[in-house]
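Remarks on the overall topology
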Amino acid sequence: MCSGKCAKCLGITLIPLAILAVLGHILLFFPAGKVAESNDHITGEVFYLGGLLGSGVLMIFPALVFLGMKNNDCCGCCGNESCGKRFAMFSSILFAAIGFVGAAYNFIISAVAINHGPICYLGKEAGKDIWDYPFSDGNYLGNKTLWERCKVYQINGKSEFDTEVIITWNLTLFSILLIIGLVQGVLCAIQAINGLIGTICGDCKCCGCCGNDGPV
């Protein structure tokens, strides 16, 4: 496959992943699918914007660059095979690095959030509602009985945040972001290698404007 076609394929794959990461992260601002009374009721790692910025906004730029690789002029000028193509492929390596950093950032934040666990309502102390992190080092992942440390938060006698729902909500969404970050990192790494090959070897045998074989 031509390096340009490969880059376009990767770009097409990155776009929906970036959109999914943004949507997934936005949902994290609504614990258990409800509007939080205070930012203190939202897990801290959400505010690091790993999915929103790292795998979302930051990933759009390399994705658009990869999409445009196939449309770059293969020849540019007669007698100068792959004119401009090698530079374009080299620039894609730089954008792949940016995308990889964004994906890695999201992956790390998501992994920390999963290990740390969500913030939960722990009950009242001295008449005050206590919100804190009852888990440590991912101990709740293999021991569901620990989930009972989180209490049901009620407002005016109505259940607002159910223990199991809020933990499952955070765990599911951060796991999705973790997987997205991993996949995006792999795709950006592939494009970095693909871009290096394209920089050194050019993009197939495409110099049809010079009277040679057309694009493959």
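Here is what the cut-offs are and how they apply
Residues numbered from 1 in each chain as written. Predicted model: local features only at pLDDT ≥ 70, side-chain atom pairs only at ≥ 80, totals over all residues. Heavy atoms only, no water. UniProt positions renumbered as here; feature names shortened; annotations may be inferred. Pairing = 2+ DSSP bridges. Helix = DSSP H or I, 4+ residues; strand = E, 2+ residues; numbered from the N terminus. Buried < 20%, exposed > 50% of the residue type's maximum accessible area, 1.4 Å probe, protein only. Core = buried A, V, L, I, M, F, W, Y, C linked by side-chain atoms within 4.5 Å. Contact = heavy atoms within 4.5 Å. Axes fitted to C-alpha atoms, helices over the stretch in contact; angles between N-to-C directions. Parallel < 35°, antiparallel > 145°, perpendicular 65-115°, else oblique. Left-handed = near helix turned anticlockwise from the far one by under 90°. Nonpolar A, V, L, I, M, F, W, Y, C, P; charged D, E, K, R; others polar.

Looking at an unreviewed UniProt entry, one finds the protein chain named Transmembrane 4 L6 family member 4, with Engystomops pustulosus as its source organism. Of the protein chain, the UniProt comment under Sequence similarities (unreviewed entry) reads exactly: "Belongs to the L6 tetraspanin family." According to UniProt, the comment filed for the protein chain under the heading Subcellular location (unreviewed entry) is "Membrane".

As judged from the 3 bridges shared by strand S3 (residues 153-155) and strand S4 (residues 158-161), these two strands associate in the antiparallel manner. Residue pairing across strands places Ile155 opposite Lys158, the latter belonging to S4. Between S3 and the antiparallel strand that follows it, S4, lie 2 residues; Asn156 among them carries a positive phi value of about 55°.

Here we take up the environment of Leu196. Mapped onto the elements of the fold, Leu196 is located in helix H4 (residues 163-201). Given a relative accessible area of 46%, Leu196 falls into the partly exposed group. Considering only alpha carbons, one finds Leu196 and Arg86, 110 residues apart in sequence, at a separation of 9.0 Å.

Moving on to the nonpolar core. Nonpolar side chains in soluble globular proteins tend to end up buried together. Leu14, Phe66, Phe135, Ile167 and Phe174 are the most contacted members of the largest nonpolar core, which has 42 residues in total. If near-sequence neighbours (up to four positions away) are discounted, Phe66 is found in contact with Ala7, Lys8, Leu10, Gly11, Leu14, Ser92, Phe95, Ala96 and Gln191.

Taking the numbering used here, the UniProt-annotated feature "transmembrane region" (unreviewed entry) corresponds to residues 12-32, 47-67, 87-108 and 166-190. Helix and strand shares over residues 47-67 are 86% and 0% respectively, and the end C-alpha atoms of the span are 30 Å apart. Across residues 166-190, helical content stands at 100% and strand content at 0%; the span's end C-alpha atoms are separated by 36 Å.

For the pair helix H2 (residues 50-68) and helix H3 (residues 85-116), the least separation of the axes is 8 Å and the interaxial angle reads 165°. It follows that H2 is roughly antiparallel to H3 by the angle criterion. Between H2 and H3 the crossing geometry is left-handed. Residues Gly50, Gly51, Gly54, Ser55, Leu58, Met59, Phe61, Pro62, Val65 and Phe66 of H2 lie in contact with H3, whose contacting residues are Ser92, Phe95, Ala96, Ile98, Gly99, Gly102, Ala103, Tyr105 and Asn106. Broken down by class, the residue content of the contact of H2 with H3 amounts to 11 nonpolar, 8 polar and no charged.

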